[in-house]
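Fold and contact review
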Amino acid sequence: MLGSGIIKGLAVTAKNFVGSFHDPERLPTVEYPEKRLTLPEAYRSFPFLVFDGENAIDGLRCVACKMCENECPPQCIYIIPERDEKGRPVKKPKVFDIDLSVCMGCQICVEVCPFDSIKMDQVFEVAATNRFEGLIAHREMLAKSNTYYHQIRPTEAAEVDTRLAEEKRLAEEKAKAAAAAKAAAAAKAAAAPKPVATTAPASATAPAAAPASPAKPAVAAPSPSPSSSSSAAAPMAAAPKPPATTP
Amino acid sequence: MTATLERLPLLVRDWITGFFPEPVRWLVSGLLAIVAILAVFGLYFAYLTLAERKFLGRFQNRPGPNRTGPFGLLQPFADAVKALTKEDIVPQAADKLLHFLAPCLVVAFGLISFAVIPFGRYLIPVDLDAAVLYFFAAGVSSELALFMAGWASHNKYSMISAMRALAQLISYELPLLLAVVPVIMLSGTLSTSKIVVAQGGWTFGIIPHWNVLTPWGFAGFFIFMIAAVAETNRSPFDLPEAESELIAGHLTEYSGFKYALFFMAEYFGMSALCGLGVTLFLGGWQAPIDILQVVPSYVWFMVKLSCVIFCLMWVRATLLRLRIDQLTRLAWKFLVPLGLINLGNAAFWHLSADWSGPLQIVRWAISAAVIVIPFVLIGRTLSSGLAPRTYRYAT
Ligand code: SF4
Ligand code: SF4
């Protein structure tokens, strides 16, 4: 009959109206600034840098290898590695900036980082009053603790932690073996006074990195021998940024 | 106590006019009525906009405005401040005088129709003998103002919208009047206050003698409300301001407070038409049950008015906008024939007024059949071939 469709429609809206007063299903609005939805674990916004321990800057896992800088599609990461007084890189970023107005949240930097030191954050309220400097996130702002990482993505952070622990264990074993070998070599070389001069610089660089990140040197030891050597070998040559140097 | 409450507005008026010398008292009391209408319906308008937004929100599963003040109660004032502080733009090519005049006139015409609505037992601004006639004369002129707005804007969208408004007005004025005529026939008067009095009384103290509770009255009310929605240009008949086709129709070239005035006029027009509907069909200020007469009559009027307006909001939240040909077809092929049949129905009801006993049941049955059968038949012919719709490409 004419009008029955209208009555059906009216019934639907009436159900909505009445339901909105008692049935949360029919009033799904979350009044945002006061109430918030819990974000899904996989939600991501912008990258941040993970640090271990208490000190945000000293504990950074990042070794300033610049892999993320090179891979970032819109080129919004800018890194200057830290150097000691003699001008040698110390595997720390001195400047680590991400331009949030350019970052597209693609997560490629996270994928390429060999040290699990850059991860995607869940902060989405990044409004600033200045659209140039205001949206450039500096090292201090980007550094967030591992605890925070555990808070926002427990599963992923736990995986990363076990992986890092495993790598650390392997590295320690390797270091122990190396130390044993070295001790043997040293014992053998003790007879001859000459080789002491050659081992000295090698042992000098290791302690320089060691105090900076307590958990780090062991992790850094196994894989990054190519990267550390390249960054050490070409500090001047790397200054003009190549568009993409995929290793 | 009840009598005092009932007469309270009158007492206040007499108290105020008492301060003035005898010769100007009529003028003062007239002005007071205007001020009262402006104040009451101004505030009513303000909160109607808020209520509409809130209710529409609820109908669409969202809470509606709730940021300004507690529960968003200050929203109308924030809107008013916003409208007042916005720049008032007049297009260069516009007819400056008419462009300015249109919003003023549209509000004025919306307001003058309030003059003949009996808000309470003793509350009627002007008790005219030909009140219904006056009401429609005033109501129709507001469409003139709409056309003025469309014409003066010198904008093709405004113009098309104004044309549509006129087409819509002419189409729906007829069913509106046809729905009203039976009431006038049966109560034998054009005066709104007498029509309300004629609907007084209760059967067994609980069934009121409102016109809507008779077959012809129900059909009349139904036709009246559909036509009233169309007359006030509200969804689903809001063709003159169809945003998707005409930007904002006749409002396209208006900004700032003039824009707000059009909205005010729309709500005034809606309140006035619904007020007339309440007066003619829902017993005006009469209480629904005998014992509820302790509540003052003007409260009943406002309650009924608000209920009717709420139904309009409900309809607005539910239905889609019609196309212009569907709109006029609905008026000419459906509402006008039904209205004419209803006229005959009312005549039958009038002639069979002295039937009693079992004949009373026969009277009701005949009267109901006279209106239901044409409704079904016309509905069937109108929708034959239109439904159910088959979609060739979509599944
Ligand atoms: S998320 Fe993508 S765009 Fe953003 S910094 Fe990382 S690589 Fe660059
Ligand atoms: S890839 Fe990782 S370790 Fe290398 S610079 Fe980027 S964040 Fe630091």
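Residues numbered from 1 in each chain as written. Chains lettered and ligands numbered in written order. Predicted model: local features only at pLDDT ≥ 70, side-chain atom pairs only at ≥ 80, totals over all residues. Heavy atoms only, no water.

**Quick word on the overall build of chain A**
Within chain A one finds nine helices and six strands. Here chain A, with 247 residues, has 28% of them falling under the buried criterion. A fraction of 70% describes how many contacts in chain A between residues 6 or more apart in sequence connect residues 24 or more apart. Accessible surface, chain A: about 15100 Å² in total, of which carbon and sulfur atoms supply 64%. (Helix = DSSP H or I, 4+ residues; strand = E, 2+ residues; numbered from the N terminus. Buried < 20%, exposed > 50% of the residue type's maximum accessible area, 1.4 Å probe, protein only. Contact = heavy atoms within 4.5 Å. Areas by Shrake-Rupley, 256 points an atom, 1.4 Å probe, with all protein chains shown as cover.)

**Structural notes on the pattern of salt bridges**
All chains considered together, the criterion is met by 20 salt bridges over all chains. With its nearest N and O atoms 3.8 Å apart, the salt bridge here joins Asp161(A) to Arg61(A). With Asp161(A) in helix α6 (residues 154-189) and Arg61(A) in the loop between β1 (47-51) and α2 (67-71), this pair connects stretches of sequence that are 100 residues apart. The network of salt bridges with shared partners includes Glu52(B), Arg234(B), Glu266(B) and Arg316(B). (Salt bridge = Lys/Arg side-chain N within 4 Å of Asp/Glu carboxyl O.)

**Side note on the site of ligand 2**
Within the structure, ligand 2 sits among 14 residues, and Cys62(A), Cys65(A), Cys68(A), Cys113(A) and Ser117(A) are positioned closest to it. Per-class residue counts for the shell around ligand 2 are twelve nonpolar, one polar and one charged. (Near = heavy atom within 4 Å. Nonpolar A, V, L, I, M, F, W, Y, C, P; charged D, E, K, R; others polar.)

**Here we look at the sheet that holds strand β6 (residues 143-145) of chain A**
Residue and element names in this part refer to chain A. Strand order in this open sheet of three strands is β4-β1-β6, and the pairing throughout is mixed. Unpaired on one side and paired on the other, β4 (118-120) and β6 mark the two borders of the sheet. Neighbouring strand axes in the sheet, compared pairwise and without regard to direction, differ in orientation by 50 degrees on average. One ladder, built from three bridges, connects β1 with β4; its direction is antiparallel. Residue pairing in the sheet places Pro-47 in a bridge with Met-120 of β4. (Pairing = 2+ DSSP bridges. Axes fitted to C-alpha atoms, helices over the stretch in contact; angles between N-to-C directions.)

**Description of the pairing of β1(A)**
Residue and element names in this part refer to chain A. Across the five residues that make up β1, a large majority, five, are buried. Of the pairings in the sheet, the one linking β1 to β6 comprises three bridges and is parallel in character. Across the sheet, residue Val-50 finds its bridge partner in β6, namely Lys-144.

**Thoughts on the site of ligand 1**
Around ligand 1, the surrounding shell holds 13 residues, and the nearest of these are Cys72(A), Cys103(A), Cys106(A), Gln107(A) and Cys109(A). Taken together, the residues that form the shell around ligand 1 break down as eleven nonpolar, two polar and no charged.

**Remarks on the packing of helix α5 (residues 131-152) of chain B against helix α6 (residues 156-187) of chain B**
All names here are of chain B. Packing of α5 against α6 leaves a shortest axis separation of 8 Å and a crossing angle of 170 degrees. By the angle between their axes, α5 is roughly antiparallel relative to α6. Contacts between α5 and α6 pair Val-132, Phe-136, Val-140, Glu-143, Leu-146, Phe-147, Gly-150 and Trp-151 from the former with Ser-158, Met-159, Ala-162, Met-163, Ala-165, Leu-166, Leu-169, Glu-173, Leu-176, Leu-177, Val-180 and Ile-184 from the latter. Class assignment of the residues belonging to the contact of α5 with α6 gives a composition of 16 nonpolar, two polar and two charged. (Parallel < 35°, antiparallel > 145°, perpendicular 65-115°, else oblique.)

**Points about the sheet that holds strand β5 (residues 136-137) of chain A**
In spatial order, the strands read β2-β3-β5 (chain A); together these three strands make up an open sheet with antiparallel pairing. Edge positions in the sheet fall to β2 (77-83) and β5 of chain A, since each has one partner strand and no second.

**Here's the deal with the pairing of strand β3 (residues 89-99) of chain A**
All names here are of chain A. For β2 and β3, the ladder comprises six bridges, and the chain directions are antiparallel. Within the sheet, the bridge partner assigned to Ile-79 lies in β3 and is Phe-96. Pairing between β3 and β5: two bridges, direction antiparallel. From the neighbouring strand, Ile-98 faces β5, where its bridge partner is Ala-137.

**Topic: a nonpolar patch on the surface**
All names here are of chain B. Nonpolar side chains collect at one region of the surface, where Trp-15, Phe-19, Phe-20, Val-24, Trp-26, Leu-27, Leu-31, Ile-34 and Leu-38 lie side by side and expose about 980 Å² of accessible area between them. Here the nonpolar patch takes five residues from helix α2 (residues 25-59), the largest share from any one element. Turning to its location among the elements, Trp-26 is positioned in helix α2. Judged by its relative accessible area of 63%, Trp-26 is exposed. (Patch = residues over 30% accessible without salt bridge, like charges linked within 9 Å, V, L, I, M, F, W, Y side chains within 5 Å.)

**A few points about the side chain of Ser191(B)**
Residues and elements named next belong to chain B. Looking at where Ser-191 falls in the secondary structure, it is placed in the loop between α6 and α7 (192-198). You can call Ser-191 buried: its relative accessible area is 1%. A polar contact of 3.1 Å, which involves the side chain of Ser-191, links it to the side chain of Ser-193. Not counting chain neighbours up to four residues away, the residues in contact with Ser-191 comprise Asp-127, Leu-128, Asp-129 and Ala-131. (Polar contact = N/O pair within 3.5 Å; in protein donor to acceptor, adjacent residues only side chain to side chain.)

**Some details on the interface of chain A and chain B**
Across the boundary between the two partners, chain A contributes 18 residues, which contact 18 residues of chain B. When chain A packs against chain B, close to 1600 Å² is buried across both sides, 68% of that on carbon and sulfur atoms. At the boundary of chain A and chain B, one finds two salt bridges. Here Glu31(A) ties to Arg67(B) by a salt bridge, and the two come within 3.3 Å at their closest N and O atoms. Linking chain A to chain B there are eight residue pairs in polar contact (both at pLDDT 80 or more). Across the side of chain A that touches chain B, the residue classes break down as ten nonpolar, five polar and three charged. (Buried area = accessible area lost by both parts, 1.4 Å probe.)

Honestly, it's all geometry; don't read function into it.
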